[in-house]
Each structure stands twice: as structure tokens, then as C-alpha cells.
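Understanding the architecture of this molecule
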Amino acid sequence: MEKHEMICICCPRGCRLNVAAEGGEIKEISGNRCRRGETYAKEELTHPMRVVTTTVQLNGGKIPMLPVKTSKAIPKALIFDCIDCLRDVSVDAPAAIGDVIIKDVLGTGADIIATRTIGKRD
Amino acid sequence: MKNVDIVIVGGGPAGLAAAVSAKRHGADSILILERDASLGGILNQCIHSGFGLHRFKEELTGPEYAQRYISLVEELEIPYLLGTTVIDITHDRKVTAVNSEDGVIEIQAGAVIMAAGCRERPAGAINIYGDRCTGIYTAGTAQKFVNIDGYMLGKKIIILGSGDIGLIMARRMTLEGAEVKAVIEIMPFSSGLNRNIVQCLNDFGIPLYLSHTVTSIKGDKRLESVTVAEVDQSLKPIKGSEREVECDTLLLSVGLLPENEMSKRADVVLSGVTGGAVVNERFETSTPGIFACGNVLHVHDLVDYVSEESERAAKYAVDFVRGRTYAESDIQITPGSGVRYTVPFKINPHNIEDNLVIRFRVSTRYSDKRIRVLINGEPVMSRLEPALVPAEMQTAVISREKLNAIPDIRDIVVEVGD
Ligand SMILES: Cc1cc2nc3c(=O)[nH]c(=O)nc-3n(C[C@H](O)[C@H](O)[C@H](O)COP(=O)(O)OP(=O)(O)OC[C@H]3O[C@@H](n4cnc5c(N)ncnc54)[C@H](O)[C@@H]3O)c2cc1C
């Protein structure tokens, strides 16, 4: 059995987890103050996932940059590919929270969505 | 001069939550004064996720969290002025603000809620020997440049200080194509949240050097390199451990200071520890009718608690305007061993309507210790904590029933113990 120490990143409490696992299967876990810690530990051992946040250009908006995020976590290994997809993307103002900027980014099932409502420049 | 019941200084999460709560508690007139061109405060530049888990039971980004409250302010038709900076507040609550449209605005407030947030310790406040060149920014300024204005600041980056803003910026700059060479922290532990060390540094292989500092800066016009050295237990650089590291940008993430220049003018007594006002259980400062909440009161790690605190502060501000009186809060809450400060600083148990919520920070790292609250020397709350770090704000809650069961409360102590 392998023992792992990890920090749960599900919320800012950052619980310190002690995990005993065998072949990606969790046998014992302690230190988590909620159920999400268990799911996190399992995912982290087999296929770590992250929500990606960045910005895209906003044309004609009150603010030049529109913050965006993946609508759900995507594989950690795809973070840089995801950022690359967005590098030359620009959208026209106005933008609203939840606007889909790219559908099903990199075939992950996650959309890139706007996280701020920004009006047109006067 | 215009009369307004509740004047709120700052339209960040603290000011927004206070405004919504004041309205719900029936305030007749409310006005939010915000210096920036939009409501939302620091949250607008915090585009990462990690906000709102307590409040909304989902993980939002900063702008999304802010929008929830901005929408409420709009729905409740609470008036606000943008691009408007408050420049003076008197002890009898005359508020002076300026903006480009109206010039000077003077308001007589029934109550004032200070919600102006905090600012970063500026570069000059930490003295580093060497050249004065460009390429040195505070981490929060860098965050605004990158996330709001869309400017990239440099290619090879060193971050001094491991506060959350520094950690978040390490990841952000990496994603934007820069090489973040290291995060340097003078203390033997990080001042940022653990989750940020994992997802901002470890995920990208960015090294964190604990017990290290930057001892000198070199650069003709633009920064060219910094000298990094290890420090001993008294935080003095160890001779011979110096190393020169090439970089074009140095980000400083060395702490936040509550923004309280104005409070001082209104005779508000400030704490030497938090830099914020000394408040009672109603979040009222030493100047009657002036209340404080959010980062202007004490630096928060979680915005959820900012919202909660501000809602409560606003309720009492409305009470003040209505002339409701409370017993004097003359019982001190004393930070005991291992505790840096508490908010509130003093209370009167008769004034507590639901629970007494004490927020505090520990002074150093502890593992497997108990948080204890003692009243008249007797423990009334005790909780075992596997890990305590100064970066995380702690909470202790004492129910009203428990408080009322103690007939003659003389002193309250919050401490870390075995
Ligand atoms: C980089 C960073 C990362 C963070 N990460 C997280 C996280 O992951 N999760 C989480 O829950 N919390 C996080 N926080 C904490 C949270 O964002 C803050 O605690 C919260 O924003 C504080 O709210 P506030 O309203 O007190 O201050 P601010 O948001 O700073 O708002 C204060 C407002 O007052 C205005 N103001 C100041 N002076 C004046 C004046 N004289 N006149 C008029 N207006 C004025 C300012 O313009 C500003 O809009 C983070 C904070 C930072 C900086």
C-alpha cells in the first residue's frame, strides 16, 4: 500500500489529507473535514482536474479584458493547451456572466464561459 | 448639505453586503461612494475561482461573487456614485467626497460604514538595498495590469513574499507565458493558503524558498537581477548564502494594510496589531455612529466572512440611525497565548442577539492544538485543530445561552493551548 500526503484544494480551508491507496484505489483517508476531500484524493491520484481561469480580449468594452473560466474542471495536463486555445480569442462587447465563448473546449465537455458582465464603452 | 441615513465608503464586497443588509433592515436612505469606475472592489481583479463556497455553496470567481451582490444592489435600487473618492469624514459624520461630475460633495450621514478595504504594503515600505529601476511592482498592481488592463509585465519573474496574491500571480504570469523563477519567503512558512501553494506553485513546478529573502536589486533602467539569500532564525541574511538570480520583474507580495487614513481624521481609535479600528460586537468604532467591516477592519482570507460581517455591521448602523441604544461594551476580549488579535475587541454580553462570533488569527504555526475561549478563567469552548496557520482566519462561536448562563462576565480570553 502506498501512503500519500496531500492538500485538498476543493476550498480555501485546504485540509491536509493522509491517504493510503493501492492501485489508485483509496483504502484509508483521514484529515478531510468534508466528503469532497475523498473525491479530490481519488481524482488527484488517478486523473487530476483543475478549473482554468484566464482572460480574453473584449472589443469595445468598458474594460479591455473579459475574465473567463472553464465551466467545470478539465484534466490538469490540458491547462496549457486550454490557455493556447484562448490566446488569440477576442469577443465583442457587451458580455454577460455565463456567455459561452468556446463550446466543449479540447473535447473536455467543458465550455469556456464569461465570468463578468461588462457593458459597451460609451 | 445633503442628509443620508447610511453612507457607505467603498463599493467592494463589504460595502455591497452592508448596503443590501441596511436596505433589508429598513434604512430609508443609503448611498455607496466608490472610488473606482465599477462596483466590486478587489474582486474584479481576482479572476481565479475560490469565492463563495460558504455563502453560495459553489465555487465562484471574484467577479461572479461580486456580481451576485451588484445585482442585489441594482434590484433593491440602492443609490451609488462611482468614480467618487471620499476625502474626509468628521467625528460627527460629515462626509466629504469628490468626483469629476459634481466636484465636491458634502453629506451629513446618520451613520457611516467604513468599507474601504486595504492596500498593499508599497515597495518603499520594505527596504531593499540597490538600484532603483523599473520592473518592480506590488503583486496586486500586477494583477490589475494583467487581468483588467491586459498588459504583460515581464518575462522572468521573481516574487518576494508568499501571500495569496503573490501565489495567485505566480500561476497567472506562468499561464501568460512568463517564467516565474521562484517565490521567496522570509518566514519558515508561507503566509498564503495551502491550496494556493498546491494549485499555483506545485502544479507548475515553481519553487518556494522558505527562510529566504531578496537582499539587493540590480538594474540600470530595467531590473536585471536580484540577490537572494537564506536567513537565520532572527531573519538576518546568512553570509555566503547569497545567489544572484537573473530576472526582469520583481513582484512584492508582502502584506496588506487596512486603508484607514480617513478613520483617523474621524478620531477612530485603531489597533496597532490589525491596523483597523477597535470595534465592539456591533462593529462600531470608538467614534459613535462610525462602523467598520471587511478588509478595512482586518485583512480577511475569505470574502464569505467579509459579506457576513458587513451584513451584521449594517444592521447595527441602522439601529444607530433609529436611536436604539445599547449597553456599553466594556468587557475586553483578550488575545491569549498564541493569538494575535480578536475581532470584536470588546463586547457587552447583553448586546449579543444570537451568537457571539469571534474572529481571530494565530501568531504562528501549530499542529494538534486546541482553540479555547475562557470566560472568567473557565473554558466555555474548546476545539482540537490538526493544523493552525497565521494565513487562515479562525472563528470561535459562543451561543447566547452559554453567555447568559454566566452571571458576571469580567473577562474573555481566546487562546491556543494543549
Ligand atoms: C489576490 C487576492 C486573492 C484573494 N483570494 C480569495 C479567495 O480565493 N477566496 C476568498 O474568499 N477571498 C479571497 N480574497 C479576499 C477577498 O477578496 C477580500 O477579503 C475582499 O475583497 C475584501 O472586501 P472589501 O470590500 O473589504 O475590500 P475591497 O474589495 O478592497 O473593496 C474596497 C473598495 O473601497 C474602495 N475605496 C477605498 N478607498 C475609498 C475612498 N476613499 N473613497 C471611495 N471608495 C474607496 C475601493 O476602490 C474598493 O472598491 C483574495 C484577496 C486578494 C487581494
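Quick caveat, the model's predicted, so the values are computed rather than measured.

Our focus in this paragraph is unusual backbone geometry. Along the chain, Ala93(A) connects to Pro94(A) via a cis peptide bond; the corresponding omega equals 0°. Assignment of secondary structure puts Pro94(A) in the loop between β8 (90–92) and β9 (100–102). In this chain, Val343(B) is followed by Pro344(B) through a cis amide linkage whose omega measures 0°. Counting through the fold element by element, Pro344(B) comes out in the loop between β22 (339–343) and β23 (346–347). At Phe283(B), a position not held by glycine, the phi torsion is positive, near 65°. Residue placement: Phe283(B) occurs in the loop between α6 (261–265) and β20 (290–292).

Let us now look at helix α1 (residues 36–46) of chain A. Residues of α1(A) that are buried include every one of Gly37(A), Tyr40(A), Ala41(A) and Glu44(A), and no others. Relative to the axis of α1(A), the buried residues are bounded by an arc of 100° and lie together on one face. Structurally, α1(A) contributes buried residues whose contacts are with β1 (2–7), β2 (16–22), β3 (25–30) and β4 (49–50) of chain A together with α5 (194–201) of chain B.

Residue and element names in this part refer to chain B. Packing of helix α1 (residues 13–24) against helix α2 (residues 62–75) leaves a shortest axis separation of 9 Å and a crossing angle of 35°. The crossing of α1 and α2 is left-handed. Residue-level inspection shows Leu16, Ala17, Val20 and Arg24 of α1 in contact with α2, the latter providing Ala66, Tyr69, Ile70, Leu72 and Val73. A breakdown of the residues in the contact of α1 with α2 according to their chemical character gives eight nonpolar, no polar and one charged.

Core analysis: the largest hydrophobic core is formed by 65 residues, its most contacted members being Ile6(B), Ile8(B), Ile89(B), Val95(B), Ile113(B) and Met114(B). Inspection of this core shows a minimum of three residues originating in each of domain 1 (1–119 + 256–326) and domain 3 (327–418) of chain B. If we skip the residues at most four places from it in the chain, Val95(B) touches Val7(B), Leu33(B), Val86(B), Asp88(B), Ile89(B), Ile105(B), Glu106(B), Ile107(B), Ala109(B) and Val112(B). Judged by nonpolar contacts, the second largest core, of 44 residues, contains Val89(A), Val105(A), Ile157(B) and Ile197(B).

Attention now goes to the pairing of strand β26 (residues 378–388) of chain B. Residues and elements named next belong to chain B. One ladder, built from nine bridges, connects strand β25 (residues 366–375) with β26; its direction is antiparallel. Looking at β26, one finds that arginine 370 is bridged to leucine 384. Joining the antiparallel neighbours β25 and β26 is a turn of two residues, in which asparagine 376 adopts a positive phi near 50°.

Let us now look at the interface of chain B and chain A. The partner chain A presents 31 residues to the 33 residues of chain B that form the contact. Taking both sides of the interface into account, the surface hidden between chain B and chain A amounts to around 2700 Å²; carbon and sulfur atoms contribute 57%. A salt bridge links Lys76(A) to Asp203(B); its shortest N-O distance comes to 3.2 Å. Our count for the chain B to chain A interface comes out at eight residue pairs in polar contact (both at pLDDT 80 or more). Mapped onto the side of chain B that touches chain A, the elements with two or more residues apiece are β3 (49–51), α2, α3 (139–149), α4 (164–175), α5 and β26 of chain B.

Partitioning chain A into domains gives domain 1 (2–46) and domain 2 (53–114). The straight-line distance from the C-alpha centre of domain 1 of chain A to that of domain 2 of chain A is 29 Å.

Two quantities define a packed helix pair, namely the angle between the helix axes and the distance between the axes. All names here are of chain B. Across the interface, α3 lies against α4 with an axial gap of 9 Å and an inter-helix angle of 35°. Crossing of α3 over α4 shows left-handed handedness. Seen from α3, the contacting residues are Ala139, Gly140, Ala142, Gln143, Val146 and Asn147; seen from α4, they are Ile165, Gly166, Ile168, Met169, Arg172 and Met173. Residue classes in the contact of α3 with α4 are distributed as seven nonpolar, four polar and one charged.

What counts and what doesn't
Residues numbered from 1 in each chain as written. Chains lettered and ligands numbered in written order. Predicted model: local features only at pLDDT ≥ 70, side-chain atom pairs only at ≥ 80, totals over all residues. Heavy atoms only, no water. Helix = DSSP H or I, 4+ residues; strand = E, 2+ residues; numbered from the N terminus. Buried < 20%, exposed > 50% of the residue type's maximum accessible area, 1.4 Å probe, protein only. Arc of directions from axis to C-beta. Contact = heavy atoms within 4.5 Å. Axes fitted to C-alpha atoms, helices over the stretch in contact; angles between N-to-C directions. Left-handed = near helix turned anticlockwise from the far one by under 90°. Nonpolar A, V, L, I, M, F, W, Y, C, P; charged D, E, K, R; others polar. Core = buried A, V, L, I, M, F, W, Y, C linked by side-chain atoms within 4.5 Å. Domains from an automatic or database assignment. Pairing = 2+ DSSP bridges. Buried area = accessible area lost by both parts, 1.4 Å probe. Salt bridge = Lys/Arg side-chain N within 4 Å of Asp/Glu carboxyl O. Polar contact = N/O pair within 3.5 Å; in protein donor to acceptor, adjacent residues only side chain to side chain.

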